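The chain contents come next:
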Amino acid sequence: MFKKTSLAAGVAAFAAILFAGGYAIADAQKVDFTAMSAEELAEYIILESGGFHLDAAVQEGGTMRARMEQDDLQKACSVVGGGKPDAATLEAVRAAAAASITYPEGGIKLGDWQKGRELSWSGFGYRVGHRNDDHSASRQPGGNCANCHQKVSDRDGGTLGPDLTGYGKMRGTSDAMLKYVYDVIYNAHAYFPCTQMPRMGAKGVLTQEQIADIMAWLLDPESPVNK
Amino acid sequence: MLKKALLALPVALALGVAANAQKAPEDVLQRLIDSIDSTYLTQSEMNLMMMPDSPALWLIDDGQELFHEARGPNNVSLETCDFGKGPGVLEGVFVEFPRYFEDAGRVMDFESRLVHCMKTIQGFTDDDPAIKTKHGNAADITKLQTYVASLSNGHAWNPPLDHPMEKAIRDAGEIIFYRRAGTMDFSCSTCHAATGKRIRASVLPDSNVPEEWTKAVSWPAFRVGHDNVRSAQHRVSECYWQMRHAEPVWGDIGMIAIISYWNDRARGQPAILPDMKR
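Residues numbered from 1 in each chain as written. Chains lettered and ligands numbered in written order. Predicted model: local features only at pLDDT ≥ 70, side-chain atom pairs only at ≥ 80, totals over all residues. Heavy atoms only, no water.

**Student:** Talk me through the overall build of chain B; I want residue IDs and the actual numbers.
**Tutor:** Helix and strand counts for chain B stand at 13 helices and 7 strands. The buried share of chain B, taken over its 278 residues, is 59%. Intrachain contacts of chain B at a sequence separation of at least 6 include 66% that bridge at least 24 residues. For chain B, the computed accessible surface area is about 11,200 Å², with 55% contributed by carbon and sulfur atoms. (Helix = DSSP H or I, 4+ residues; strand = E, 2+ residues; numbered from the N terminus. Buried < 20%, exposed > 50% of the residue type's maximum accessible area, 1.4 Å probe, protein only. Contact = heavy atoms within 4.5 Å. Areas by Shrake-Rupley, 256 points an atom, 1.4 Å probe, with all protein chains shown as cover.)

Shown next as structure tokens:
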């Protein structure tokens, strides 16, 4: 379910420099934490020390280990202390993100805004630990949109992302607008490299059909977002 | 009685820090609220009103009794446990964790140290309910932790970084805090690196604002939505669940690295112990 993104050379080179050599640790008993860099120790703690439940099964198949191993975008966009990486890295992230996007056969169309409303509100899915989200039950994973975005006044959305109230009113439903919104939901790094927004399409959280439903929630003139 | 109290007053005033430590948790919080404009600190008026009657206060008494009671296979109390300032010293120790302990050869958070003493001094094992039960009001660990933590209420966070291991683990915790991974590319910093932002209706604490962050890391706290007192480790686990990351193993190095960085970010600000949270 999780698609590998094709990577621009810049990101790959950046990652290679950062993580070249690594930290070959043969015997956990002999590990000297103080001899490692903070980055090496953090990687050791997460992936080698047994300090995290990496063997837990995950909804997409396989185990937590695969989730905790960073892909190239995650490495490039993790900046200690906050902020963004340098311009060349950002451009490489942007190009790789743009290349990751796949489109529905027959073009991008708006789906069902009522389904999109539920998807945008739902924060269900992919959680593992003291309680595991069961995707096989009646609930499917949601879009988590309202966690970070304010959309309509009847329910409180978050403020980590921009306020999307009335999003479609001024923008309309031209082909260019449909493509832009589809791209942003699928992989927002194509426009905003190293954004905090999850890659809903590229990481397989939402299907193309679900993205179309959420687009309808945002853009359909009948949607309460635009009333 | 009155005479005694009047005589004690100047002493308390003279000892500024001690006087501060004797304040109730809600007074410590109120001083923070007065010191900074923060929607995080003030988001629940109801919690502020309920704090003087927090159910966590009952656990302090239970914990105190348990602490001084002869228990376990060795039938001794925890009074000889060294929490970093010498055997038996409890005042102000909670805000100076995580800490490296020579006798254990590793950096421990408070809960790990408590379990260490319950094992080495009292003779409990991992299978005993006293250690095995980690969650909720009824757990011995929750009661003991709430009691000892309450003796650091109002003390400034001051986790030691003198030992190279303490520094190394705190620095790794910082990397982990900003390390994006998982289904949603989240890290701790996704939610805790900006001021006044919300997830849905909940205002998030900003790790860059120590006056906010001290409340964020002030555990144990009565979690209103759970109707239970929760620990720092419980909070970390909840965040990792929401991030769609792997859960840190309780008491293990990942958890301790995260808590080392947490507590360091609140350095210098008074701890609210026990706190009350949504």
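After presenting the structure, the write-up continues.
**Student:** Could you give an account of the state of the cysteines, with specific residues and numbers?
**Tutor:** Tallying each qualifying case throughout the model produces 2 disulfides over all chains. Linked covalently through their sulfurs, A:Cys77 and A:Cys194 form a disulfide whose S-S length is 2.1 Å. The disulfide joining A:Cys77 to A:Cys194 has a torsion of about -75° about its S-S bond and is therefore left-handed. One end of the pair, A:Cys77, is in the loop between α4 (72–76) and α5 (87–100); the other, A:Cys194, is in the loop between α8 (175–187) and α9 (208–219), with 117 residues separating them in the sequence. Like A:Cys194, A:Cys77 is buried. Here B:Cys81 pairs with B:Cys117 through a disulfide, and the sulfurs are 2.0 Å apart. Note on the B:Cys81 and B:Cys117 pair: the S-S dihedral is about 75°, so by sign convention the disulfide is right-handed. Here B:Cys81, found in the loop between α5 (56–68) and β1 (99–101), pairs with B:Cys117, found in helix α6 (residues 110–120); they are 36 residues apart in sequence, far enough to count as distant. Here B:Cys117 falls in the buried class, since its relative accessible area comes to 2%. (Disulfide = S-S within 2.5 Å.)

**Student:** Let's hear about a negative patch on the surface: which residues, and what values?
**Tutor:** A grouping of B:Asp61, B:Asp62, B:Glu65 and B:Glu69 is seen on the molecular surface, where their side chains present a negatively charged patch. Among the secondary structure elements, B:Asp61 is positioned in helix α5. (Patch = residues over 30% accessible without salt bridge, like charges linked within 9 Å, V, L, I, M, F, W, Y side chains within 5 Å. Salt bridge = Lys/Arg side-chain N within 4 Å of Asp/Glu carboxyl O. Lys, Arg positive; Asp, Glu negative; His and termini not counted. Charge placed at Lys NZ, Arg CZ, Asp CG, Glu CD.)

**Student:** Provide a residue-level description of the packing of aromatic side chains, including the pertinent values.
**Tutor:** For the coordinates displayed, the defined rule picks out 18 aromatic pairs over all chains. Relative to B:Trp262, the ring of B:Trp213 lies with its centre 6.3 Å away and its plane at 75°, an arrangement referred to as edge-to-face. Here B:Trp213 is found in helix α11 (residues 210–217), whereas its partner B:Trp262 is found in helix α13 (residues 253–265), with 49 residues between them in sequence. Residue classification places B:Trp213 among the buried residues on the basis of a relative accessible area of 3%. Under the relative-accessibility criterion, B:Trp262 is labelled buried at 7%. Among the aromatic residues, those joined into a cluster by ring pairs are B:Phe67, B:Phe83, B:Phe94, B:Phe97, B:Phe101, B:Phe110, B:Tyr147 and B:Trp157. Between A:Arg171 and the ring centre of A:Tyr167, over which it is positioned, the NZ or CZ distance is 3.9 Å. (Phe/Tyr/Trp six-rings, centres within 6.5 Å; stacked < 30°, edge-to-face > 60°. Lys NZ or Arg CZ within 6 Å of the ring centre and 35° of its normal.)

**Student:** Summarise the nonpolar core; cite the residues concerned and give the values.
**Tutor:** Most often, soluble globular proteins have nonpolar side chains that are buried together. Within the largest apolar cluster, 120 residues are counted, with the highest numbers of intra-cluster contacts made by A:Ile45, A:Ile185, B:Phe83 and B:Met118. In terms of residues, this core owes the most to one element, α13(B), which gives 8 residues. Looking at this core, you find at least three residues from each of domain 1 (9–88) and domain 2 (113–226) of chain A. B:Phe83 has contacts with B:Phe67, B:Val89, B:Leu90, B:Val93, B:Phe97, B:Arg99, B:Phe101, B:Phe110, B:Arg113 and B:Leu114, leaving out every residue within four places of it along the chain. Grouped together as the second largest cluster of nonpolar side chains are 6 residues, A:Leu73, A:Ala76, A:Leu90 and A:Val93 included. (Core = buried A, V, L, I, M, F, W, Y, C linked by side-chain atoms within 4.5 Å. Domains from an automatic or database assignment.)

**Student:** Can you explain empty space enclosed by the protein? Please cite residues and give values.
**Tutor:** Across all of its chains, the model carries 6 cavities of 30 Å³ or more by this definition. Lining the largest cavity are 15 residues, with B:Phe94, B:Phe110, B:Gln145, B:Ala232 and B:Ile259 positioned closest to its centre. Of all elements in the fold, only α6, α12 (232–243) and α13 of chain B reach the threshold of two or more residues within the lining of the largest cavity. Residue classes in the lining of the largest cavity are distributed as 9 nonpolar, 4 polar and 2 charged. Reported here for the second largest cavity is a volume of approximately 110 Å³. Lining the second largest cavity are 11 residues, with A:Trp121, A:Lys151, A:Val152, A:Arg155 and A:Trp217 positioned closest to its centre. It is helix α6 (residues 113–121) of chain A that provides the largest number of residues to the lining of the second largest cavity, a total of 3 residues. A breakdown of the residues in the lining of the second largest cavity according to their chemical character gives 4 nonpolar, 3 polar and 4 charged. (1 Å grid on protein atoms, 1.4 Å probe; cavity = no way out; pocket = protein on both sides within 12 Å on 5 of 7 lines; lining within 4 Å. Points joined across faces, edges and corners; volume = space filled by probe spheres on them. Nonpolar A, V, L, I, M, F, W, Y, C, P; charged D, E, K, R; others polar.)

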